[in-house]
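Read off the chains here:
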Amino acid sequence: PAQVVSDTRRLSDVEWFRDVYGDVVQTVRVVATEETRRRRNWVFVTGVDDAESECGLDQGVAFDWVITNDGDKQSLDEQLETLLRSLRGCL
């Protein structure tokens, strides 16, 4: 009864799912600070990290859920549990 799409990259992707599946679509954004990302060995690469495929959803999408993943396991677990409880309630 549920489908999970783990990676959309463009506003048109999100719009397509919303157009086809309507109100049942739940959008989730996972964020981390640049400091956390650098600790995980991320380095900004011009032409890659500023391309639409990487930042096309930074504006124009009202996400239903925003999950913060900055390395605090307990906080991440709590956020994910809240999300899962909500989704289970929709099934």
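Residues numbered from 1 in each chain as written. Predicted model: local features only at pLDDT ≥ 70, side-chain atom pairs only at ≥ 80, totals over all residues. Heavy atoms only, no water.

- Going by the annotation in an unreviewed UniProt entry, the name recorded for the chain is Phosphomevalonate kinase, with Pandion haliaetus given as the source organism.
- Regarding the chain, the UniProt comment filed under Subcellular location (unreviewed entry) reads as follows: "Cytoplasm, Cytosol".
- Entered under Pathway (unreviewed entry) in the UniProt record, the comment concerning the chain runs "Isoprenoid biosynthesis; isopentenyl diphosphate biosynthesis via mevalonate pathway; isopentenyl diphosphate from (R)-mevalonate: step 2/3." (UniProt positions renumbered as here; feature names shortened; annotations may be inferred.)

### Remarks on a nonpolar patch on the surface
Piece 1. The grouping of Trp-16, Val-20, Tyr-21 and Val-24 at the surface amounts to a nonpolar patch, some 450 Å² of accessible area in total.
Piece 2. Relative to the assigned elements, Val-20 resides in helix α1 (residues 11-21). (Patch = residues over 30% accessible without salt bridge, like charges linked within 9 Å, V, L, I, M, F, W, Y side chains within 5 Å. Areas by Shrake-Rupley, 256 points an atom, 1.4 Å probe, with all protein chains shown as cover. Salt bridge = Lys/Arg side-chain N within 4 Å of Asp/Glu carboxyl O. Helix = DSSP H or I, 4+ residues; strand = E, 2+ residues; numbered from the N terminus.)

### Overview of the packing of aromatic side chains
Piece 1. According to the stated counting rule, one finds four aromatic pairs in the structure shown.
Piece 2. Centre to centre, the rings of Trp-16 and Tyr-21 are 6.2 Å apart; their planes meet at 75 degrees, and the pair counts as edge-to-face.
Piece 3. Judged by relative accessible area, which is 46%, Tyr-21 ranks as partly exposed.
Piece 4. When the ring of Phe-17 is compared with that of Tyr-21, the centres are 6.3 Å apart and the planes differ by 20 degrees; the resulting orientation is stacked. In this pair, Phe-17 and Tyr-21 both sit in helix α1, four residues apart, roughly one turn of the helix.
Piece 5. Residue Phe-17 is classed as partly exposed on the basis of its relative accessible area of 23%. (Phe/Tyr/Trp six-rings, centres within 6.5 Å; stacked < 30°, edge-to-face > 60°. Buried < 20%, exposed > 50% of the residue type's maximum accessible area, 1.4 Å probe, protein only.)

### With respect to the side chain of Gln-79
Piece 1. Within the secondary structure layout, Gln-79 lies in helix α4 (residues 73-90).
Piece 2. Leave out the neighbours within four places in its chain, and Gln-79 touches Val-66, Ile-67 and Thr-68. (Contact = heavy atoms within 4.5 Å.)

### Section: the pattern of salt bridges
Piece 1. As enumerated under the stated definition, the model contains nine salt bridges in all.
Piece 2. Two residues, Arg-9 and Asp-7, come together in a salt bridge whose shortest N-O distance is 3.1 Å.
Piece 3. Assessed through its relative accessible area of 45%, Asp-7 is described here as partly exposed.
Piece 4. Here Glu-35 and Arg-39 are joined by a salt bridge, their closest N and O atoms 3.3 Å apart. Here the residue Glu-35 and the residue Arg-39 both occupy positions in helix α2 (residues 34-39), the gap between them amounting to four residues, near one helical turn. Taken individually, Glu-35 and Arg-39 each receive the classification exposed, so the pair is uniform in this respect.
Piece 5. It is possible to trace a salt-bridge network through shared partners that takes in Asp-7, Arg-9 and Glu-54.

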